[in-house]
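Results of the structural survey
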Amino acid sequence: MVMQVRTHAIRMAHENIDKTIKAADAILSQFDIARRAEATILRGPHEDLESYLEAVDLLKGIVRFFSSNKNFKSSEGVLNHVNNILSKSALKIEEEFKQLMSTYSKPIEPDRLFDCLPKPPRAPKADHEADGGHSTHSEHPSKGLETGICRTPTLIPPRILPLLHDIAQQLVQAGNQQSCYRIYRDSRGSALEVSLRKLGVEKLSKDDVQRMQWEALEAKIGNWTQFMRIAVKLLLAGERRICDQVFDGINFNKDQCFAELAGSGVMTLLSFGDAVAKSKRSPEKLFVLLDMYEVMHELQPEVEVIFEGRFCSEMREAALGLTRRLAQTAQETFADFEEAVEKDTSKTVVQDGTVHPLTSYVINYVKFLFDYQSTLKILFQEFETGSETESQLAVVTMKIMQALQNNLDGKSKQYKDPALTYIFLMNNIHYMVRSVRRSEAKDILGDDWIQRHRRVVQQNANQYKRVAWAKILQTLSVQGAGSTGSSPADLSSSGVSRAMIKERYKSFNMQFEELHAKQSQWTIPDQELRESLRLAVAEVLLPAYRSFVKRFGNLVEHGKNPHKYIRYSPEHVDQLLGEFFDGQQFGEQKR
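Residues numbered from 1 in each chain as written. Predicted model: local features only at pLDDT ≥ 70, side-chain atom pairs only at ≥ 80, totals over all residues. Heavy atoms only, no water.

As recorded in an unreviewed UniProt entry, the protein chain goes by Exocyst subunit Exo70 family protein and comes from Oryza meyeriana var. granulata. UniProt, in its Sequence similarities (unreviewed entry) section for the protein chain, records the words "Belongs to the EXO70 family." Under the heading Function (unreviewed entry), UniProt records this for the protein chain: "Component of the exocyst complex." (UniProt positions renumbered as here; feature names shortened; annotations may be inferred.)

**Quick look at the overall build of the protein chain**
In terms of regular secondary structure, the protein chain is built from 22 helices and zero strands. Relative to its 591 residues, the protein chain shows a buried fraction of 48%. When the accessible area of the protein chain is evaluated, it comes to approximately 30,100 Å², of which 51% is carbon and sulfur surface. (Helix = DSSP H or I, 4+ residues; strand = E, 2+ residues; numbered from the N terminus. Buried < 20%, exposed > 50% of the residue type's maximum accessible area, 1.4 Å probe, protein only. Areas by Shrake-Rupley, 256 points an atom, 1.4 Å probe, with all protein chains shown as cover.)

**Things to note about helix α22 (residues 570–577)**
In an α-helix there are 3.6 residues to a turn, and that puts residues three or four apart on one side. Along α22, the positions that sit buried rather than exposed are P570, V573, L576 and L577. Here the buried residues of α22 occupy an arc of 120° about the axis, which is enough to place them on one side. Projecting away from the buried face of α22 at angles above 90 degrees are the exposed residues E571 and Q575. (Arc of directions from axis to C-beta.)

**A closer look at unusual backbone geometry**
Of note in the backbone geometry, F581 takes a positive phi value of approximately 65° without being a glycine. Residue placement: F581 occurs in the segment after α22. By relative accessible area, F581 is classed as buried at 1%.

**Topic: the packing of helix α10 (residues 254–278) against helix α11 (residues 285–306)**
Interhelical geometry of α10 versus α11 gives an angle of 160° and a closest axis separation of 12 Å. The angle between the axes of α10 and α11 places the two elements in the roughly antiparallel class. By crossing handedness, the relation of α10 to α11 is classed as left-handed. Contacts from F258, L270, G273, V276 and A277 in α10 reach L289, M292, M296 and I306 in α11. In terms of residue class, the contact of α10 with α11 is made up of eight nonpolar, one polar and no charged. (Axes fitted to C-alpha atoms, helices over the stretch in contact; angles between N-to-C directions. Parallel < 35°, antiparallel > 145°, perpendicular 65-115°, else oblique. Left-handed = near helix turned anticlockwise from the far one by under 90°. Contact = heavy atoms within 4.5 Å. Nonpolar A, V, L, I, M, F, W, Y, C, P; charged D, E, K, R; others polar.)

**What to know about the packing of α10 against helix α12 (residues 313–342)**
Contact geometry of α10 with α12 gives a least axis separation of 10 Å together with a crossing angle of 15°. When the interaxial angle is binned, α10 and α12 end up roughly parallel. With respect to the hand of their crossing, α10 and α12 are arranged in left-handed fashion. Contacts between α10 and α12 involve A259, A262, G263, V266, M267, L270, G273, D274, A277 and K278 from the former and E314, M315, A318, A319, L322, R325, L326 and T329 from the latter. Tallied by class, the residues present in the contact of α10 with α12 amount to 11 nonpolar, three polar and four charged.

**Details of the pattern of salt bridges**
Applying the stated criterion to the full structure yields 24 salt bridges. The shortest N-O distance in the salt bridge between R185 and D186 comes to 3.0 Å. Judged by its relative accessible area of 40%, D186 falls in the partly exposed class. The residue R211 makes a salt bridge to D208 at a minimum N-O spacing of 3.0 Å. Remark: D208 and R211 occur in helix α8 (residues 206–211); sequence separation between them is three residues, near one turn of the helix. A cluster of three or more residues bridged by salt bridges with shared partners is formed by R229, K233, E298 and E302. (Salt bridge = Lys/Arg side-chain N within 4 Å of Asp/Glu carboxyl O.)

**Regarding helix α7 (residues 177–199)**
Between its first and last C-alpha atoms α7 spans 33 Å; for 23 residues at 1.5 Å apiece the expected length is 33 Å, and the two agree. Where α7 terminates, the next one or two residues include G200, which has phi positive at roughly 125°. (Expected span 1.5 Å × (residues − 1).)

**Comments concerning a negative patch on the surface**
A surface patch of negative charge is lined by D371, E440, D443 and D447. Relative to the elements of secondary structure, D371 occurs in the loop between α13 (357–369) and α14 (373–382). Exposure remark for D371: the relative accessible area of 40% places this residue in the partly exposed category. (Patch = residues over 30% accessible without salt bridge, like charges linked within 9 Å, V, L, I, M, F, W, Y side chains within 5 Å. Lys, Arg positive; Asp, Glu negative; His and termini not counted. Charge placed at Lys NZ, Arg CZ, Asp CG, Glu CD.)

**Let's talk about the environment of V537**
By the element assignment, V537 lies in helix α20 (residues 527–557). Since its relative accessible area comes to 2%, V537 is described here as buried. For V537 and N462, which are 75 residues apart along the polypeptide, the C-alpha to C-alpha distance reads 9.8 Å. With residues up to four places along the chain from it excluded, the contact list for V537 reads Y464, K465, W469 and L577.

**Points about the side chain of S412**
Summarising the element assignment, S412 is placed in helix α15 (residues 389–412). Here D409 takes part through its backbone oxygen, which lies 2.6 Å from a polar atom of the side chain of S412. (Polar contact = N/O pair within 3.5 Å; in protein donor to acceptor, adjacent residues only side chain to side chain.)

**Section: the side chain of E94**
Note that E94 resides in helix α3 (residues 75–103). A distance of 3.3 Å separates the side chain of E94 from the side chain of S179, its partner in a polar contact. Once you skip the residues sitting within four places of it in the chain, E94 turns out to touch L171, N176, S179, R182 and I183.

**Some thoughts on the packing of aromatic side chains**
For the coordinates displayed, the defined rule picks out 22 aromatic pairs. With centroids separated by 4.9 Å and ring planes inclined at 75°, the aromatic side chains of Y184 and F247 adopt a geometry described as edge-to-face. Of this pair, Y184 sits in helix α7 while F247 sits in the loop between α9 (214–246) and α10, placing them 63 residues apart in sequence. With respect to class, Y184 is no different from F247; both count as buried. Following the ring pairs from residue to residue traces out a cluster consisting of Y464, W469, F508, F512, Y545, Y568, F580 and F581. (Phe/Tyr/Trp six-rings, centres within 6.5 Å; stacked < 30°, edge-to-face > 60°.)

**What to know about the nonpolar core**
Ranked by internal contacts, the top residues of the largest apolar core, which has 158 residues, are F97, Y184, L236, Y464, W469 and F512. In terms of residue count, the dominant contributor to this core is α9 (16 residues). With residues up to four places along the chain from it excluded, the contact list for L236 reads L192, A231, F258, A262, V266, I306 and F307. (Core = buried A, V, L, I, M, F, W, Y, C linked by side-chain atoms within 4.5 Å.)

**Regarding the environment of D111**
Residue placement: D111 occurs in helix α4 (residues 110–116). In this structure D111 comes out as exposed when scored by relative accessible area, which is 60%. Along the primary structure D111 and L199 are separated by 88 residues, whereas in three dimensions their C-alpha atoms are 8.8 Å apart.

**Let's talk about the confidence of the model for the protein chain**
Overall, the prediction assigns the protein chain a mean pLDDT of 80, with 73% of residues at 70 or greater. Mean pLDDT in the protein chain bottoms out at helix α18 (residues 488–492), which sits at 43, and peaks at α7, which reaches 95. Ignoring residues within four places in sequence, the model shows residues 22–26, a span with pLDDT below 50, making two contacts including any to other chains. Ignoring residues within four places in sequence, the model shows residues 586–591, a span with pLDDT below 50, making 12 contacts including any to other chains. (pLDDT = per-residue confidence, 0-100.)

And the structure:
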């Protein structure tokens, strides 16, 4: 019995000795780890950051070890020493984070950004047709930019991102979230701001925009549409991506950090768009408003992703608000344009009855509208009017065309000669019809519109013939020139009748010369229309003149000075009709 007790005591003693030796070994190994980790910490993080971070993790393990074994006599002293080293390491890590963020937060040069966009970066200038000093839209954004794939620029080298992530994690775990936040926000915010500034983004107020000459503003808007694409698709998308990578899995408010670093640049860009949308409306602004709306609508899905979360809600809402405002202003500009066309009071009078500058300007404007068909359909949907967007475009176009016609009716009354009134209306409405037939507008306005307006052109041509030539044709009328059934011989025996015929010839000559002098200065610019109207006049005038000469020519041919009366042969009249509507100046007539 005594032997059993003694054996048990000896076994327990051995076990205690083993435990003590093992504990001593564990403590000694912790001291060894601490010595090696401390040496790495003292060397600093700059030479070998990964080893440095590993050393920090080892020291944290030592803290955990001694914190759970506080019955060791030396634990308190060791904990103080290791915590002191960790405090120093946190400062060095913060300094390293600052250094790395500074080194790798350089602005991106504009050329590099443009190289990341789909080719071609700019569209060719549109061909203008507007006369009279009017201009509409100078450049439409390249459609390739909407559908092409952007190459993402490298904002921070990929090999650096894991290091930044590990440092950020250490800083946050050490309780230095605020320093980490501030360093990252300031470095990346500054790089973004300088990148945008180098690109050409500038702060402009509503007053600046309002004071700007149209050509300068149009150029700035063209640049802005490009800047918006670059900012959202390249810079902001890139910033969001690296922010997510650096702070992935870290208990850190990365959304707020991103919102603060991006806020200034985003608001500068959006405020310019707002200033344009709120500036005084004018017809030429419609196309740049549509360009801007097109870009904002195109970028909307990316904006929703990049600016997700409550901290980015202000920027997200500002972008959405600008898109709506641009749509609203474009809609209002449509209405303004229709009203401006109808009420145009420009004093320009086209003396020769040709196409008015307003007509060519409005038609050119409408043609440009059809470059924006897809954008307009989206814009009309924005307001949910219930009708099909294509028919809405037709309604808008028809209203503008009707407004132009109403204005032309008013302008036609400026002419003292009613014949020139009809030439003017014929020219202008023919120009409208021809332009529609040759453009995409024909599919929207339809054959019915074209046929109706062709009839209007023909009606004006007929009215011109009636008004301009009725009197001279009356002169050539055989009725009243002698009694019914009288022969030329009978008439020749009557001095009164011969005198009447002479008067008729003199009246014809005087009227025809007057018509030729005036109407050879009038202009019908369309060759086909010009020839058809000359032919229409010839078809009524020449048979009447030939008949008159054939029937009554002998009454004056055998008298004194026959050339005084029969001044023009029918062939000569036909030749002179070929000079009508040529827009000749006085003194140019070919006699």
